[in-house]
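What the coordinates show
Residues per chain, in single letters:
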Amino acid sequence: MTRKDAKKDLWIETNQGNKLKNLLTCGGNNLEYYDRFVVVMNKSSIEQLEYLQFLSKLNLFCVLDFDPNSAVEGVCRSYSKSRVANLHAPANFHGDQDVVIKNLNLYKQTSWVFCNGRHDLDNESGRQLEYKDWFREKRREIEQMVSFICNPEVLPNGRALVIFLLLSPVTNRDPVFDTFLAFYSHVEDIVSICESRTTFEKWKDMIKEKCESDITRQSIFELTLSEVNGTIMALGPHNQLSGRLLPSSDCSIVVLQQKDEDRMTALDILSQNQCEKVYDEHSTEFQAFKIKVEEEFYRGGKVIWWNFYFCEKPKAKPFIRREKYDNLKQTIIKSPDSKSTCTLLNLFHHPGCGATTLAMHVMWDLRRDFRCAVLKDHTLPESVVAVQVKHLMRLGSKKCTPVLLLVDDSKEESTQTLQHCIRQAMDEENTSRTVEDSSNSKVLIMSCVRCHNPEDQYKHCPTNKQYITAKLTQNEQDDFEEKLVELKENHEKPENFYSFMIMKSNFDQKYIADVVGNTLKDFDMRTKKAQLLAFLALLNSYDAESDISMSLCEDFLGLKGLRKTFWEQVLVLDKMEPYSNLLRKVNIEERGGYKGIRILHHDIASACLEELDRNYKIKRSGITLDMLHCDLLFKTSAVKDALMQSIHRMLVERQRKKVGLTYFSPLIEIIHSQEGGQTITDIFVKASSRFVKRASIPQALSRYLYLYEQDFPQALQWAEKAKRVTENSYTADTVGQVHKSNLKHNIEKQKAPPRPDDFETNLKIAQNAIKAFQKAQNLAMNNETEDETDENLTKTPCNTSGYIGEMETTLTVFEMIGKLPFFEVTDPVKKMYMQSFLKGTIPITHVPKEENDIHSKYVEVIEEHSTFLLALKPQVKKVFEFFNGYFTYVKGNNTEKEEALNQRKISQHFTRYVSLVCSLPEEISKERASKPELKLNMDIENHRKFLEESNADTFAGILAKLHLGTLEKIGNTAEEMNKITESYTFLHNNSVQIRKEETNFILASIILHTLYPKSKHVKKLEELSDILMKTLQDIGVQSPFPEPYYLAMLLLWPRSNTEDTDIKTYVNSLRKACRKGLPYLFRRSSTITHFYLGPKKGLQRLVTKPKLDECFAGLQRSDLAQLWRSGNIFKEKEIIDRLYRVNGTVEQSELYAKYGQLKIPVRPAYIGAIRSGYSAENVSFFLGFAIDGPLAYNIRYENEPVSPVNC
């Protein structure tokens, strides 16, 4: 019986066991027919739980649970013992589809949805409702959630099965029945499994009465739950009986539990017993599977672990080892000797030359020495991936095991960011005090970087590296010849395995051209199949991993009306004849999975373009415009969005050079070289109408027009359009770049000195450029998110291009002024007058000059623009001050070489600045002068002078006094703080109150209390709170200064269940103030906690870090630092006894401290402390106070066992 026949006739099965198998597998023997399962269930009994193991075997998309006690003692708790479930409510499924999928971790982890209350949550949403209240308040939410689930873009039609699992009787007024009606209106594939015939009969009658449909054939009701469980557990795919095994410390082995694997959603983990004991390897099923897998690989499919496994079987020839295999393997084996916790090894390669296969081959052979994994989800933040890698390293053992991580086809800067995050995560984790364990706490990232010039990339890469090109050695060619002989023994027509044959031919271009030429004979672009092939050739030439979905191909070829079966790919490839032998089917895992088509090999795709151009006069530009003209390719859907992303990358993604990037994508560069400007303009104009929300298209056109065409008016129009699409620092910078290029172009073509009218024109252009660059600076500081940045550029804490643009434009203006006859910089006297004019000490009318019409016109122009010119010097000085802070306090994401080049570039600009406008000795001296002192009475002045000399006139300076006791005698620090507090007390009582001094006074008093509580200058909590409240009333909640709100957090934090609603407001104000005042520092850097919340009252509840350090006086300083970095210090009894554990909740991945009904936002102190997936949970944690808000330490999920305390 075929699956098609089975699906047609399966309902007539009388044997309930076979019927259950057929319902779930559509006539097969395994559960792979349906991609996903949706389960709807009502309340279970305790006795039933042991028979619901089969839920862990199903590939669950979501479970809709109507048992409000399920998370405490029901099915959810039972399931969570072996698998990961994120606990949600129906309302979590409302909103933008992509956002919901990302936030809830759909497709990656099971979503467990509580549809009528949840007893473990003490809030309104956790309340169970009577049916009439549920119908009025919740039914609509359920219907919207069901509509979301059944959307073909979420779960494609026919690829998901809905199972109603009725574990207890139903009634006429039952939310489960309303849920059935919601599904019934959307999908046909619904199965009911009932715990008894009585329950089934009632269920059937309710549905028949309402829907006029008999569900008997789609129902199981005569099997016990034990029989249901056993029948489903017996279906394939079968798990390895011994479990998936991983190497561990001291030559031991650990079992990879399914729940642990569920949590590591980003990783495809390679076990050391991968592929073993999955099949009966003597069966015909296994032999057929082996032939299918080999054919898919040698035709051009991506290598999978089975390919290596087959080559290890008796009588099989070994997998072909590339020449670089031994070098690559030895580099990896030696990597644990590195002092770095995370090493990066770049493997640069031509597309389609076998580099990924080589990397996976090495990984396969090292699976017993390393814990190996492939990064399969590139969409997750690098910090999340780092936490999962750390979890893999420590899984099942107190000691670490080295990890080998393969990252395929990722941008270099993304991999470098991942390396940084792993190092940070490992530094937090590495609390071991033994050399042995430290040597095993290592991660090696093997990154396959596809590029067109691997040898050049290899030469200029500062990290460990290898490269592989599209060229075989003689030994490799001999190995391929032997492999062909083996393939002929087991496969029909292996000469049609073009991907294999291309490599066997040593990438012979004539062989590839002959294959393509014969296949494309009599090519007719008027036919749909020819157009589709041309589209694929273009895509796979410039974005090798792109594809067009099978569904979209059907639409394009007009096959949708002809297909109503699962076997759609056969029809598509049949319709594509005679081009089908150049195509292959691919399974794409993103968005829950879909099937697509791409060309077998990158070189075949490139050869197709050459053949079309040479023999059929079909150029790349024409194919590009045809694609952009095709409405069908741009209709919104999940898979079409993926295609649009590929087209977008093909148009705008630039290539990395030795330093920086190319100006344009390879496609645009070659079209420019062949056809010139108008064609490029036509392409970008059409693309801008397709990608209306992507600023990068008009940006690219603007850049093309000002760089290659010098058409500055048109370039400006497109730059302004990009800014209208998305106004951010990058689009604003593009506007500035147009003006800056226009200015330089004018200066280059004009004689020196310029004519007065040209000089005025240039000043106006410079003014517009600087205005645009300053706009870019403001936008960069305004909490710009990564989603708003230029996807071609390395992500940095702050986009500095606006500052560089203003600096370069200003220096150009200075040089332009220095060429005027009366300001010539080659004449020291005239240069002195220019410097005096620019600093505003001499008006232009007083500058000596010849009396003639030209000079008079220059003077008129300068007078008209004097405001702009006189502002240049102080403005550019601020830019240099910004870069001083930027390079001092912020670590960028560029390579060390690029960072050094950036600093050198700024240094060179500063040298130009000094030589032009600051060369006089007295001028340089004034650059270093401090601000004048305030003219107050002598006593106040002396106190303030003392505070300044003590580095206690700033909030940060006072806060730093907390830690001096760890470096000096505590008595000295206490005495100094006593004097500092005395000075602030004097100022508080005798001078006009200045807000800064008031906040410093409060902080000094708090710190004095911690160091010298018996001092007469110590103030009580109530007195300090009164002073602070006056300040808070004065500034409101919108102040850009974070210090008062930080003090509010320290002094006004709630006690017990006190619901002080203002504290939440102050915490939010603190976060906003930090984002406004210190945006580039706080966007990517961690902050320090100076105080922790203790169990005592008054100011004693503020526990300082030095006080906690005193508990470990006998511990080495380096060991203590590692305890803090890891967070393991909060497991020590001495710390637990001195801190107060706060209750809280996690809601939609946000953490809150909870005091009664008051919820205060709190940020986790350590990466990965909060699980992804938007699971709503009760938690508890220790609380710390940092300058940007409260931080949570040692977060503990209340439904999990408590970790042992270190005594």
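Our subject in this report is the structure included herewith. All values reported here derive from a predicted model rather than from experimental measurement. (Residues numbered from 1 in each chain as written. Predicted model: local features only at pLDDT ≥ 70, side-chain atom pairs only at ≥ 80, totals over all residues. Heavy atoms only, no water.)

Moving on to the overall build of the protein chain. Along the protein chain, the regular secondary structure elements total 52 helices and 25 strands. Taking all 1207 residues of the protein chain together, 54% fall into the buried category. (Helix = DSSP H or I, 4+ residues; strand = E, 2+ residues; numbered from the N terminus. Buried < 20%, exposed > 50% of the residue type's maximum accessible area, 1.4 Å probe, protein only.)

Take the sheet that holds strand S5 (residues 160-166) next. Strand order across the open sheet formed by seven strands is S3-S4-S2-S1-S5-S6-S7, with parallel pairing between neighbours. Across the chains shown, the open sheet's two edge strands, defined by having one partner strand only, are strand S3 (85-88) and strand S7 (219-220). Examined bridge by bridge, strand S1 (residues 36-41) and strand S2 (residues 60-65) share five bridges and lie parallel to one another. Considered in S2, the bridge of Val 39 is made with Val 63. The sheet contacts of helix H8 (residues 139-150) involve S1, S2 and strand S4 (110-114), and relative to S2 the element is tilted by about 165°. (Pairing = 2+ DSSP bridges. Contact = heavy atoms within 4.5 Å. Axes fitted to C-alpha atoms, helices over the stretch in contact; angles between N-to-C directions.)

Attention shifts here to helix H38 (residues 853-864). In this model, H38 (twelve residues) spans 17 Å end to end at C-alpha, consistent with the 16 Å of a helix rising 1.5 Å per residue. Along H38, the residues classified as buried are His 855, Tyr 858, Val 859, Val 861 and Ile 862. On an axial view of H38, the arc spanned by its buried residues comes to 165°, and they lie on one face. Exposed residues lying more than 90 degrees from the buried face of H38 are Asp 853, Glu 860 and Glu 864. (Expected span 1.5 Å × (residues − 1). Arc of directions from axis to C-beta.)

In this section: the sheet that holds strand S17 (residues 583-588). Pairing within the open sheet is antiparallel, and its three strands lie in the order S16-S18-S17. Sheet topology places strand S16 (548-549) and S17 at the edges, where each strand pairs with a single neighbour. As paired strands, S17 and strand S18 (residues 594-599) are joined by six bridges and run antiparallel to one another. Bridge assignment links Arg 584 to a residue of S18, and that residue is Arg 598. Relative to S18, helix H24 (residues 528-542) is tilted by about 85°, and along the sheet it contacts S16, S17 and S18.

This model, assessed by the stated rule, comprises 50 salt bridges. Arg 526 is the salt-bridge partner of Asp 524, the closest N and O atoms lying 3.0 Å from each other. Using a relative accessible area of 26% as the deciding quantity, one classes Asp 524 as partly exposed. The partner of Glu 1147 in a salt bridge is Lys 1159, and the shortest N-O contact between them spans 2.9 Å. You can see Glu 1147 sitting in strand S21 (residues 1141-1147) and its partner Lys 1159 sitting in strand S23 (residues 1158-1164), a full twelve residues away along the chain. Owing to a relative accessible area of 25%, Glu 1147 belongs among the partly exposed residues under this scheme. Taken together, the shared-partner salt bridges in this structure form one network comprising Arg 197, Glu 201, Lys 204 and Glu 222. (Salt bridge = Lys/Arg side-chain N within 4 Å of Asp/Glu carboxyl O.)

This paragraph deals with the packing of helix H32 (residues 696-709) against helix H34 (residues 729-749). To describe two helices that pack against each other, one gives the angle between their axes and the distance between the axes. As a packed pair, H32 and H34 sit with axes 10 Å apart at the nearest point and diverge in direction by 10°. Judged by the angle between their axes, H32 and H34 are roughly parallel. Across the interface between the two elements, Gln 699, Ser 702 and Tyr 706 from H32 touch Tyr 730, Thr 731, Thr 734, Gln 737, Val 738 and Ser 741 from H34. Taken together, the residues that form the contact of H32 with H34 break down as three nonpolar, six polar and no charged. (Parallel < 35°, antiparallel > 145°, perpendicular 65-115°, else oblique. Nonpolar A, V, L, I, M, F, W, Y, C, P; charged D, E, K, R; others polar.)

Let us now look at unusual backbone geometry. Between Glu 577 and Pro 578 the backbone carries a cis peptide bond, its omega angle lying at 10°. Counting through the fold element by element, Pro 578 comes out in the loop between helix H26 (568-575) and S17. Phi at Asn 506 takes a positive value of approximately 60°, unusual for a residue other than glycine. Structurally, the position occupied by Asn 506 is in the loop between helix H22 (498-504) and helix H23 (509-519). Residue class for Asn 506 comes out partly exposed when judged on its relative accessible area of 22%. At Gln 1148, a position not held by glycine, the phi torsion is positive, near 50°. You can call Gln 1148 partly exposed: its relative accessible area is 42%.

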